[in-house]
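# Residue-level structure breakdown
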Amino acid sequence: MSKSSALIGALALGTAVLAATPQIGHAGFTLFEGIGPNAAGIQGVVDAYRGALGALNANTPGSVVGGRREINWDGVPAALSDPGLFPGNFFNANLAGRARGAEFTTPGTGFLVSASAGGATPIAFGFSGDFTPFSPQKLFAPIGSTITDVNFFVPGSAIAATVSGFGAVFNDVEAAGTTLEAFDVSGVSLFTRSILFSANNNTLSFLGIQANAGERIARVRLTTGTGALLSNGLFEAGDGVVMDDFIYAEPLATAVIPVPASVLLFGSGLLAMVGLGRKRQSAARA
């Protein structure tokens, strides 16, 4: 978590203006990415991504067609915040307010959501000088690992689902090693990209991806830095990174995923060819 080279940081922050415009940088996905010294520095690209996914849906059980869901961690109760462990299925409960269709796993020992100000536990995992929240004030991190896997479900149920887009805010990415990777239902990687970083302290990075060719994401793997959070005030050696808001398209069960128009046209063409072949066979027999 060392902080150095203001010049490198300034160069990295300069990319935020360019990155705020959606880019088609990977086959099948439109990218929304940016980096800034504070929440205002990435607000534009975050809002652009929200607009691309659609309206914010109510956090109620069951899927709706279109729109998005969000997790900002600030509603997590004190009992499930640092130093208490955060349950990975908290935001998929069959309860209004918590049914958001996302569950989290890690090869580490669990997850922490940072404590609120005014309590006995230091805020921002004990590093208030390093981590700037995007949506004050709670943050999220795996414990004993840098890996968080996000799996999707029909909100409030055990029915597996997929999404067309996912984005996240990353706090204080100072070196290469923080990535976002998306997988399909078969576990095949659809997309991977490194998160923008800066040598400056307190920076916020955002990456959001949106499928533009019918791809469906069943799982997202977030690798946050090169040094894992072990407990409040203690990181492994390396770049310590935590996360804030998760923003993703409405999770839909496979049975109700809209079929892209291009696929329908292709299918219609095949049926027409089959029909023509049958007519020719009938004519030959006659």
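Quick caveat: nothing in here was measured; it's all calculated off a predicted structure. (Residues numbered from 1 in each chain as written. Predicted model: local features only at pLDDT ≥ 70, side-chain atom pairs only at ≥ 80, totals over all residues. Heavy atoms only, no water.)

## A look at the overall build of the protein chain
- Summing up its helical and strand segments, the protein chain has three helices and 17 strands in all.
- By the burial criterion, 47% of the 286 residues in the protein chain qualify as buried.
- In the protein chain, once contacts between residues fewer than 6 apart in sequence are set aside, the share between residues at least 24 apart is 74%.
- Carbon and sulfur atoms make up 62% of the accessible area of the protein chain, which totals about 12300 Å². (Helix = DSSP H or I, 4+ residues; strand = E, 2+ residues; numbered from the N terminus. Buried < 20%, exposed > 50% of the residue type's maximum accessible area, 1.4 Å probe, protein only. Contact = heavy atoms within 4.5 Å. Areas by Shrake-Rupley, 256 points an atom, 1.4 Å probe, with all protein chains shown as cover.)

## Looking at the side chain of Ser198
- Counting through the fold element by element, Ser198 comes out in the loop between strand E11 (189-194) and strand E12 (204-211).
- A distance of 3.0 Å separates a polar atom in the side chain of Ser198 from the backbone nitrogen of Asn200. (Polar contact = N/O pair within 3.5 Å; in protein donor to acceptor, adjacent residues only side chain to side chain.)

## Comments concerning the sheet that holds strand E4 (residues 102-105)
- With antiparallel pairing, five strands are arranged side by side in an open sheet as E4-E7-E13-E10-E11. Because the sheet does not close on itself, it has two edges, and the strands there are E4 and E11. With strand direction ignored, the average angle separating the axes of adjacent strands in the sheet is 15°.
- Relative to E11, strand E10 (residues 179-183) runs antiparallel, the two being bridged by five bridges. When the sheet's bridge partners are listed, Phe183 is paired in E11 with Ser189. (Pairing = 2+ DSSP bridges. Axes fitted to C-alpha atoms, helices over the stretch in contact; angles between N-to-C directions.)

## Let's talk about the packing of aromatic side chains
- By the definition in use, this model includes 24 aromatic pairs.
- Arranged with centres 6.0 Å apart and planes meeting at 55°, the rings of Phe131 and Phe235 form a pair that is tilted. Of this pair, Phe131 sits in the loop between strand E5 (110-113) and strand E6 (140-143) while Phe235 sits in strand E15 (residues 234-235), and the two are 104 residues apart along the sequence.
- Classification of Phe235 as buried rests on a relative accessible area of 12%.
- One aromatic cluster is present, built from ring pairs that chain together Trp73, Phe86, Phe90, Phe91, Phe104, Phe111, Phe140, Phe152, Phe166, Phe246 and Tyr248.
- Here the guanidinium or amino end of Arg98 rests over the ring plane of Phe90, the centre of that ring lying 3.9 Å away.
- Over the face of the ring belonging to Phe183 we find Arg219, whose NZ or CZ atom lies 4.0 Å from the ring centre. (Phe/Tyr/Trp six-rings, centres within 6.5 Å; stacked < 30°, edge-to-face > 60°. Lys NZ or Arg CZ within 6 Å of the ring centre and 35° of its normal.)

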